[in-house]
Amino acid sequence: MNRAARLGPLALLLATPAVLAQVAGGVAGKQLFRDVREEAGITFQHHSAPEKKYIVESMAGGVALFDYDGDGRSDIYFVDSLTVESAKDPQAARSALYRNLGGGRFVDVTDKAGIGHPGWGMGVCAADVDGDGAGDLYVTALGGNHFYRNNRNGTFTDLTERAGLAGGGWSTGCGFADYDRDGHLDLFVARYVKLDLDNLPEFGKGKTCEHRGVAVQCGPRGLPGTSDLLFHNDGDGHFTEVGEKAGVSDPRAYFGLGVAWFDYNQDGWPDLYVANDSTPSFLYVNQKDGTFKEVAFPMGVAVSEDGAEQGGMGLAVGDYDNSGRISVFKTNFAEEYNSLFHNDGDHFTDVSFRSKTAAVSMPFVGWGAAFFDYDNDGFLDIIAVNGHVYPQMDQARLGASAGYRQRKLLYRNLGDGTFEEVAARFGPVLMEPRVSRGLAVGDLDDDGRLDVVVNDLDGRPQVLRNELPDAGHWLLVKLEGKGRNTDAIGAVVKVRAGALRQMRVVQSGTSYLSQDDMRRHFGLGAEQQADSVEVLWPDGTTTKLENVKANQLLKIKQR
Amino acid sequence: MRAAAFGVALLLAAPAFAQTVKKPAARPEARAESVKALLDLARSQSSRRAPQAALDSLARARKLAPNSEDVLSAYAQMALAVHAPVPAILALEPLTRMAASVGQYHYLYGVALMQAGDLEAAGEALQKAERLEPSRVLTLIALGLTLNGRKLHAEAKSHLVRGLDLEPDNVEATAALAEAEEGLGEEAAAEAHALRALAREPGHATGNLALGMVRMKQERYAEARDALARAVAADPSSAKGHYQLSLAYARLGDAASAQEQVQLYQRALREVEERVRLIHGQGAPGDGMRP
């Protein structure tokens, strides 16, 4: 049901211009997000070389929201990066873990946690891999990834070698899922370009190293791609790389970035979507026998509707039209448009233009993205952060592209399958041009309004506290799975409240190289309660609760 | 590339090459005789529908008079007629500098770039043509097609509506407008305009493509398949046509045909990339493609 229909005839009687402006998503200057980074005590700074002469200096910056200390609050981990100049000194970059103290305050606990120096960090995903109830962390990097096991005492141990999870090469997106449903979380890692730091392609030299008439970094086209990795959890603390055997190794060596595990065909088995840069993206359907089949072309999610190979970066998956199916949003390079692929059940349809999300995105290079209901009206909105890869863009002929620093996009879901881009309505915090990369969404202050954390390339992050005054009612659902998958990764939560039917998926790894808060948030609009909350657990069992009061954190434990 | 089919249509719509080529200006006797003879020969070959032979004759004329405006112009038009956009671009690029105020050359340059797949550069050339010769229907249509190719459908629509105001029965403009409307999500208008164009020219590439896209969104896959098949038959170089046809086959459960169309689509895509690479390698303006 669309918003107008839900409001009913009374709304028409009250439809003065002022009321209409409110209903339409807020008047100019109305506060939605406020950047509270400084007052929260977050001093993290991402590093990169100012000129970005090499592609590896343009792509990093994941961020994770996860509760590392089990106090119920979402903590933040920012990934930092080296540069070609500092590549041999891992201490030159410092990733940072911030503990959420509550009351809007955070404290840097990186040194105690021991996860500050994963090398040339790229992205991050989280999961309780060993089933001890504490969130572990996987950090992707250039030259070897890191698996940090949470010791449940504020510290982590680097178990990368023992677990067999180093990977190597240039890893980017990652995500845990139990793809073979053996009860143990497995791990997929996308990889990007084969790069030799001692033999880098020379800046501006060659046809693939110029853009709009100015010299820029080379790649990814013209550089060799590299395969992706699937690590099967052997259940004894060790993983075995099975990408080729499982059919997800990417033998064509496309440029892998964003990763999303989700069961697109609702057969109970996790499928996998990989956003590839400048090449067709992949959709792997789970064959239920430990292997996957790549079906992106016949499913309609490989390329744009014109058949153009897009520079796929970040991913978000969600049931934005409350149809009971999970659709895909993918950020792309400038002049390509962000893709919205609607899940029609047995295939996807590119509805980017029809949904009115595409045209406004054309000037921007998109990265982190999320489906999230920022106003708690029961419909998933979308946020996407942007920023070019070439600082030299500011000296180039821009054409239809924006410059190096770019604003964010906030799409308000109108409830009829279309969106309205409303960032400008909410003041400068979303409109300020920046060079953003990772984005993660979660409720940092447990007030039922979703906050957003953004990691910027070569700059300070943003911690965007949601302060929308008239947001609707809400539910925050925290699942606890039985067995080793305590996060219930892969579970589906369905909420019915009045006319609203919503579903969410519990995911590890999302957006651009980032990790959302795994608690699932539901906006309930004017509904004071959810008529039902149903959980479909990864093992196929279900839990159903009825008449659940709104505005609470609901913890559901699998029996 | 749909522009390939469009280029031919434009040339046919324009005054015939045989009539448009001016007599060569006075030059040293032996050389002028030779260039003139070759131009005459090309004209004759063109009128006998032997465009490749005409192009060969004009290539020989170019060797004798590499900077002749008449020769370059004739050569470029003939290259476009045989779907050879890169040689056309290489002839037109100097021509647009030599005769910067001649709108027709910028127009042809834009069409050639569009045929080659460099849509942004094509748009710039066509904008120049539009500034030099405002409200020329063919330029407005070409601009509309270029903007459609860049997914700038609202801008495309405004040019095409202007073109149709000037020439209401223009099939190219009607079909391109249908494509713009389809891109804007205006399915009913897109369907009406596509059907109107196809009533005049049932095999029209852009008209069938637009109708096929509309039918896909209406989930009328068999009709979409038929329209898209007509679109790629009219323009086999259309990557978009082949890709959408692959989706239509996939929806109809014909995996083998879907796969075949994916391969044709990929081949068409690589050909466009190769042409654009060739243009850039030859010093023509770059597009916005990421390295």
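Conventions and cut-offs
Residues numbered from 1 in each chain as written. Chains lettered and ligands numbered in written order. Predicted model: local features only at pLDDT ≥ 70, side-chain atom pairs only at ≥ 80, totals over all residues. Helix = DSSP H or I, 4+ residues; strand = E, 2+ residues; numbered from the N terminus. Rg over C-alpha atoms; globule rule 2.2 N^0.38 Å. Buried ≥ 20, exposed ≤ 12 C-beta atoms within 10 Å, placed from the backbone. Contact = placed C-beta atoms within 7 Å. Expected span 1.5 Å × (residues − 1). Pairing = 2+ DSSP bridges. Axes fitted to C-alpha atoms, helices over the stretch in contact; angles between N-to-C directions. pLDDT = per-residue confidence, 0-100. Nonpolar A, V, L, I, M, F, W, Y, C, P; charged D, E, K, R; others polar. Parallel < 35°, antiparallel > 145°, perpendicular 65-115°, else oblique. Left-handed = near helix turned anticlockwise from the far one by under 90°.

### Regarding the overall build of chain A
And then number 1: Looking only at helices and strands, one finds 8 helices and 37 strands in chain A.
And then number 2: A compact globule built from 559 residues should have a C-alpha radius of gyration of about 24 Å, and chain A, at 22 Å, falls within 12% of that.
And then number 3: Its C-alpha atoms give chain A principal-axis dimensions of about 70 × 55 × 50 Å.
And then number 4: Expressed as a percentage of its 559 residues, the buried residues of chain A come to 60%.
And then number 5: Long-range contacts, defined here as pairs at least 24 residues apart, represent 60% of the contacts in chain A between residues at least 6 apart.

### What about helix α5 (residues 69-81) of chain B?
Residue and element names in this part refer to chain B.
And then number 1: The terminal C-alpha atoms of α5 lie 18 Å apart, and with 13 residues this matches the ideal 18 Å at 1.5 Å per residue to within 8%.
And then number 2: The element α5 is extensively covered by neighbouring structure, given that 11 of its 13 residues are classed as buried.
And then number 3: Within α5 the residues assigned to the buried category are V71, L72, S73, A74, Y75, A76, Q77, M78, A79, L80 and A81.
And then number 4: H83 sits one or two positions beyond α5 and adopts a positive phi of about 60 degrees.

### Examining the sheet that holds strand β9 (residues 156-158) of chain A
Residues and elements named next belong to chain A.
And then number 1: Spatial ordering of the open sheet is given by β6-β7-β8-β9, a layout of 4 strands whose pairing is antiparallel. At either end of the open sheet lies a strand with only one pairing partner, and these are β6 (120-127) and β9. Within the sheet, the average angular offset between the axes of one strand and its neighbour, ignoring direction, is 25 degrees.

### A closer look at the sheet that holds strand β26 (residues 409-413) of chain A
Residues and elements named next belong to chain A.
And then number 1: Strand order in the open sheet formed by 4 strands is β24-β25-β26-β27, and the pairing between neighbours is antiparallel. If you trace the sheet from one side to the other, it starts and ends with β24 (366-372) and β27 (419-421), each paired once. Looking at each pair of strands side by side, their axes are set apart by 20 degrees on average, direction ignored.
And then number 2: Sheet topology note: the β24/strand β25 (residues 381-386) ladder contains 5 bridges and is antiparallel. Within β25, the residue paired with A370 across the bridge is I383.

### Points about the pairing of strand β20 (residues 315-318) of chain A
Residue and element names in this part refer to chain A.
And then number 1: Of the two faces of β20, both are covered, the one formed by L315 and V317 as well as the one formed by A316 and G318.
And then number 2: When β20 meets strand β21 (residues 327-330), the two strands line up antiparallel, connected through 4 bridges. From the neighbouring strand, L315 faces β21, where its bridge partner is K330.

### Quick word on the confidence of the model for chain A
And then number 1: With 95% of its residues at a pLDDT of 70 or more, chain A has an overall mean of 94.
And then number 2: Below pLDDT 50 for its whole length, residues 1-28 of chain A participates in 20 contacts with residues either more than four positions away or in separate chains.

### Structural notes on the environment of N208 of chain B
Residue and element names in this part refer to chain B.
And then number 1: The residue N208 is located in helix α13 (residues 205-217) in this model.
And then number 2: N208 sits in the buried class, given 29 other C-beta atoms within 10 Å.
And then number 3: Sequence-wise, N208 and A234 are 26 residues apart; in three dimensions their C-alpha atoms are separated by 9.1 Å.
And then number 4: Contact partners of N208, with chain neighbours within four places excluded, come to L198, A227, L228, R230, A231 and A234.

### Quick look at the confidence of the model for chain B
All names here are of chain B.
And then number 1: On average, residues of chain B carry a pLDDT of 87, and 85% of them reach 70 or more.
And then number 2: Low pLDDT, under 50, characterises residues 1-32; the predicted model gives this stretch 55 contacts beyond four residues in sequence or across chains.
And then number 3: The low-confidence segment residues 283-289, where pLDDT is below 50, has 20 contacts with residues more than four positions distant or belonging to other chains.
And then number 4: Confidence estimates for the predicted assembly give a pTM of 0.90 and an ipTM of 0.90.

### Considering the interface of chain A and chain B
And then number 1: Contacts between the two partners involve 31 residues from chain A and, on the opposite side, 23 residues from chain B.
And then number 2: Breaking the side of chain A that touches chain B down by element, the ones donating at least two residues are β12 (210-211) and α7 (296-299) of chain A.
And then number 3: In terms of residue class, the side of chain A that touches chain B is built from 12 nonpolar, 12 polar and 7 charged.

### Overview of the packing of helix α9 (residues 137-149) of chain B against helix α11 (residues 171-183) of chain B
All names here are of chain B.
And then number 1: For the pair α9 and α11, the least separation of the axes is 10 Å and the interaxial angle reads 25 degrees. Relative to α11, the element α9 lies roughly parallel. The chirality of how α9 crosses α11 is left-handed. The segment α9 lies against α11, with I141, G144, L145 and N148 engaging E172, A173, A176, E179, A180 and G183.
And then number 2: Broken down by class, the residue content of the contact of α9 with α11 amounts to 5 nonpolar, 3 polar and 2 charged.

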